[in-house]
Amino acid sequence: QAQLVESGGGLVQPGGSLKLSCAASGFRFSYYTMSWYRQTTGKEREIVASISSTGDSTSYVDSVKGRFTISRDNAKSTLYLQMNSLKPEDTAVYYCNAARGRTVNWGQGTQVTVSS
């Protein structure tokens with residue numbers, strides 16, 4: 001059974017950094033496009049960053065370009081999101097997503113709060 005478990009969230013001051021991790025199991029991680037999404041109360045879930053199955057292609061939403069870096073370690077079946085220069089508007093629950101064709105898996109989410 002496919003499982004995605006996020007970790008690394010927490011409370012950080014504006015300008016600070018966090019690194020999220022997503023440990024995958026139960027499916028062939030290296031075959032899947034992986035993404036990070038985020039959601040705040042009352043808003044739709046939005047995609048933050050994606051990375052191809054091989055890791056050679058990445059994309060970001062404009063609001064995080066130059067501050068966030070998505071990466072993956074296929075040998076460890078783990079996805080990462082390095083977040084630097086965090087802003088209060090980055091506060092959200094961050095979700096890990098695995099997609100291949102019609103198959104989509106989600107993690108349970110990890111809370112990131114940026115506040116002084």
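Residues numbered from 1 in each chain as written. Predicted model: local features only at pLDDT ≥ 70, side-chain atom pairs only at ≥ 80, totals over all residues. Heavy atoms only, no water.

Trainee: What's the story with the packing of aromatic side chains in this structure? I'm lost.
Mentor: The tally for this structure, following the rule as stated, stands at 3 aromatic pairs. Judged by centre distance (4.8 Å) and plane angle (65 degrees), the ring pair of Tyr37 and Trp106 falls under edge-to-face. Here Trp106 lies in strand β10 (residues 103-106) and Tyr37 lies in strand β4 (residues 33-39), a separation of 69 residues in the sequence. Under the relative-accessibility criterion, Trp106 is labelled partly exposed at 37%. By the ring-pair criterion, three or more aromatic residues cluster together here, those being Tyr37, Tyr95 and Trp106. Here Arg45 stacks its cationic end above the ring of Tyr95, 3.7 Å away from the centre of that ring. (Phe/Tyr/Trp six-rings, centres within 6.5 Å; stacked < 30°, edge-to-face > 60°. Helix = DSSP H or I, 4+ residues; strand = E, 2+ residues; numbered from the N terminus. Buried < 20%, exposed > 50% of the residue type's maximum accessible area, 1.4 Å probe, protein only. Lys NZ or Arg CZ within 6 Å of the ring centre and 35° of its normal.)

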